[in-house]
Amino acid sequence: MTRKLFIHLFVLFFCCASFCSGQVFGPDRNFTWNRNLKIEIEGSKRLLVENIDPDGYIKKMEHMLPEPGRYALGWGKLWRIKPGVDGHLIYSTSDGKNWLFEGRLRSFEVPHHFVPLCDDRMLVTGWKHPLIMGHDASAMGVFSRSDNGDYKLETLVHPFSKTWYRPIAKARPDQPQEDPALFELRKEYRLFTFHSLAMSHYPFRALPEGAAFISLWTGDVWIFNARGSIIKKIQIFNKPTESDWPRLLSFEPVLLGVVPTVSGELLLVSRSEDAVLEARKKYPSMVYDAEGKTSLFGGRPDTAAANQVRSGFLFPKLVWWTLDPRGDSGLKRLEVEPQGAPAELPSTEEGAQAWIQGFTFTVDRFGAVKVLGEREPTESGGH
């Protein structure tokens, strides 16, 4: 297979997969801090925990995570939800070896994404069906822990200008009020549900108080406090807007990565404004008809794939930002990249596409950035 054909096939797959609700991009790694030491999760099977050995050196211990279960990082802990019959079992660990039972999640299914806001509340999304309270429904909600250890739905979250779901019928006498069949996703949101809008392996970032929800594709960041209220929302370039969501593939992804620093701030890296707003105008990979249906540009996979490469590769600049979730300063663009941080995408077509699809970086406790490629050597810690 030639290099050019490989790139075309890769990009064509990326374009087509972007329309599927399960399509994700971005790094499949996430980390949190436990007193200046890092706890890092890779995928849903591998945990790396830093500790200090007797000689004062930081060492990483590797743990393979038990299955089945869904995993998420809170501030300083890893959390696990294990499917159960009488409620889904919730555990946490700060060392990867000792697991503490936290309670039971009382829900009809295990959420695809979740993040602890504090020990007694968690924010969840990524359900197959909406969460329902009375005559309201949403794909996101806050569960709080009662005195008996049960996490129950406390409130629905609506981060957007409209609710995503609308009621379509009243419940029959023999029908539960929480039946998802009573609601439907609004027409303007059907292409991109809340889960697919995130389009990320890890859309949540744990914070010392609360959490952040990240849409890498649109460049939106919502900051939640420990009670689950939205206290701040920013968007990198104020584009794409909510009205653009059905046409998100007309834009390049905005953010490539967002990580928490040891101080609890967020470090973000984005494409340039020209890349996000202008690249696909010059090099379209998809076209839309009057009804909003899509087709490959020019009707040719090779043309669409070549334009997809150009829209990324020919706009290589990266921009670095910081966001203080607790302060009033908001988003700050860094005039100088952090130590070790790249200023541009790689200078090859394959490298640029790979970074756009899965750019992965980490930051140490001193603020230095390291782009991750091959796995770092670790010591086996067992589980």
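The structure displayed is predicted, hence computed values, not measured ones.

Engineer: Could you clarify how one ought to interpret the overall build of the protein in this entry?
Structural biologist: Assigned secondary structure in the protein consists of five helices and 29 strands. Within the protein, residue pairs in contact and separated by at least 24 positions form 54% of the contacts whose partners lie at least 6 positions apart. Looking at the protein as shown, the accessible area adds up to about 17900 Å², and 51% of this sits on carbon and sulfur atoms.

Engineer: Could you clarify how one ought to interpret the sheet that holds strand 21 (residues 255-260) in this entry?
Structural biologist: Adjacent strands of a sheet form backbone hydrogen bonds with each other and so pair up, either parallel or antiparallel. Pairing within the open sheet is antiparallel, and its four strands lie in the order 21-22-25-26. Bordering the open sheet on either side are strand 21 and strand 26 (331-333), each of which pairs with just one other strand. Ignoring strand direction, the axes of neighbouring strands in this sheet form an average angle of 25°. Pairing geometry for strand 25 (residues 318-323) and strand 26, over three bridges, is antiparallel. Paired with W321 across the bridge in strand 26 is R333.

Engineer: Can you walk me through the sheet that holds strand 8 (residues 100-105) in this structure?
Structural biologist: Taken in spatial order, the eight strands make up an open sheet running 5-6-7-8-14-13-10-9, and their pairing is mixed. The sheet is open, and its two borders are formed by strand 5 (70-74) and strand 9 (113-118), each paired with just one other strand. Neighbour-to-neighbour, the strand axes of the sheet open up by a mean angle of 30°, direction not taken into account.

Engineer: How should the confidence of the model for the protein be read in this particular structure?
Structural biologist: The predicted coordinates ought not to be read in detail in places where the model reports low pLDDT. Residues of the protein with pLDDT of at least 70 account for 83%, and the chain-wide mean is 83. Counting interchain partners and residues more than four positions distant, the pLDDT-below-50 stretch residues 374-383 has 25 contacts.

Engineer: It is not clear to me how the pattern of salt bridges should be interpreted in this structure. Could you clarify?
Structural biologist: If the charged atoms of two oppositely charged side chains come close together, the side chains can form a pair. In total, this model carries 20 salt bridges according to the counting rule given. E252 is paired through a salt bridge with R280; the nearest N and O atoms lie 2.7 Å apart. On the criterion of sequence distance, the pair formed by E252 in the loop between strand 20 (230-235) and strand 21 and R280 in helix 3 (residues 273-282) is long-range, its members being 28 residues apart. Residue R280 is classed as buried on the basis of its relative accessible area of 5%.

Engineer: Explain the side chain of E252 to me, please; I cannot follow it from the model alone.
Structural biologist: Accessibility expressed as a relative area gives 0% for E252, which makes it buried. E252 has contacts with W217, R271, A275, V276, A279, R280, Q308, S311, G312 and I356, leaving out every residue within four places of it along the chain.

Engineer: What exactly am I supposed to notice about the packing of aromatic side chains here?
Structural biologist: The geometry of an aromatic ring pair is captured by two quantities: the separation of the ring centres and the angle between the planes. By the definition in use, this model includes 11 aromatic pairs. On the basis of an interplanar angle of 85° and a centroid distance of 5.9 Å, the ring pair of F31 and W33 is categorised as edge-to-face. Assessed through its relative accessible area of 3%, W33 is described here as buried. Across the ring face of W321, the terminal group of R333 is positioned such that the distance to the ring centre comes to 5.8 Å.

Engineer: What am I meant to see in the nonpolar core here?
Structural biologist: One broad rule of soluble globular proteins: the nonpolar side chains tend to lie buried together. Of all hydrophobic cores here, the largest spans 46 residues; its most connected members are L123, V221, F224, I236, L255, L266 and L268. I236 has contacts with G219, V254, L255, L268, S270, W321 and L331, leaving out every residue within four places of it along the chain. Counting 16 residues, the second-largest nonpolar core is a separate cluster that includes V259, V269, F359 and V363.

Engineer: So what exactly am I meant to see when it comes to the environment of H63 here?
Structural biologist: Summarising the element assignment, H63 is placed in strand 4 (residues 58-64). Along the backbone, H63 and K45 are 18 residues apart, and their C-alpha atoms lie at a distance of 8.3 Å. Among the polar contacts listed, one links the side chain of H63 to the backbone oxygen of D95, at a separation of 3.1 Å.

Engineer: It is not clear to me how the side chain of S272 should be interpreted in this structure. Could you clarify?
Structural biologist: Checked against the element boundaries, S272 lands in the loop between strand 22 (266-271) and helix 3. Ignoring anything within four residues of it in the chain, the contact list for S272 reads F237, K317 and V319.

Engineer: Explanation requested: the packing of helix 4 (residues 301-313) against helix 5 (residues 349-358) in the structure shown.
Structural biologist: When two helices pack together, their arrangement is captured by the angle between the axes and the distance separating the axes. Taken N-terminus to C-terminus, the directions of helix 4 and helix 5 make an angle of 80°; their axes are 9 Å apart at the nearest point. The orientation of helix 4 with respect to helix 5, classified from their angle, is roughly perpendicular. Contacts from Q308, V309, G312 and F313 of helix 4 reach helix 5 at E349, A352, Q353 and I356. Here the contact of helix 4 with helix 5 is composed, by residue class, of four nonpolar, three polar and one charged.

Engineer: Got a minute to help me understand the pairing of strand 3 (residues 46-52) in this structure?
Structural biologist: The two faces of a sheet get side chains in turn, since along a regular strand they alternate between them. Counting buried positions along strand 3 yields five of seven residues, so the element is predominantly enclosed. Bridging between strand 2 (residues 37-42) and strand 3 involves four bridges; their strand directions are antiparallel. Across the sheet, residue I41 finds its bridge partner in strand 3, namely L47. The hairpin formed by strand 2 and strand 3 contains three residues between the paired strands, and G43 there has a positive phi angle of roughly 60°. Here seven bridges tie strand 3 to strand 4, and the two strands are oriented antiparallel to one another. When the sheet's bridge partners are listed, L48 is paired in strand 4 with E62.

Engineer: I would appreciate a short explanation of helix 4 in the present structure.
Structural biologist: For helix 4, spanning 13 residues, the distance from its first C-alpha to its last is 18 Å, which sits close to the expected 18 Å at 1.5 Å a residue. Those residues of helix 4 lying buried are A304, A305, A306, N307, Q308, V309, S311 and G312.

Engineer: Before we go on, may I ask you to explain unusual backbone geometry in this structure?
Structural biologist: Excluding glycine, a negative phi dihedral is what most residues carry, and trans is how most peptide bonds are arranged. Going from E67 to P68, the amide bond is cis rather than trans, its omega being -5°. Here P68 lies in the loop between strand 4 and strand 5. Of note, N36 is a non-glycine position whose phi angle comes to about 70°, a positive value. Located in the positive-phi region is N238, a residue other than glycine, with phi close to 55°. In this structure, N238 sits in the loop between strand 20 and strand 21. Assessed through its relative accessible area of 59%, N238 is described here as exposed.

Conventions adopted
Residues numbered from 1 in each chain as written. Predicted model: local features only at pLDDT ≥ 70, side-chain atom pairs only at ≥ 80, totals over all residues. Heavy atoms only, no water. Helix = DSSP H or I, 4+ residues; strand = E, 2+ residues; numbered from the N terminus. Contact = heavy atoms within 4.5 Å. Areas by Shrake-Rupley, 256 points an atom, 1.4 Å probe, with all protein chains shown as cover. Pairing = 2+ DSSP bridges. Axes fitted to C-alpha atoms, helices over the stretch in contact; angles between N-to-C directions. pLDDT = per-residue confidence, 0-100. Salt bridge = Lys/Arg side-chain N within 4 Å of Asp/Glu carboxyl O. Buried < 20%, exposed > 50% of the residue type's maximum accessible area, 1.4 Å probe, protein only. Phe/Tyr/Trp six-rings, centres within 6.5 Å; stacked < 30°, edge-to-face > 60°. Lys NZ or Arg CZ within 6 Å of the ring centre and 35° of its normal. Core = buried A, V, L, I, M, F, W, Y, C linked by side-chain atoms within 4.5 Å. Polar contact = N/O pair within 3.5 Å; in protein donor to acceptor, adjacent residues only side chain to side chain. Parallel < 35°, antiparallel > 145°, perpendicular 65-115°, else oblique. Nonpolar A, V, L, I, M, F, W, Y, C, P; charged D, E, K, R; others polar. Expected span 1.5 Å × (residues − 1).

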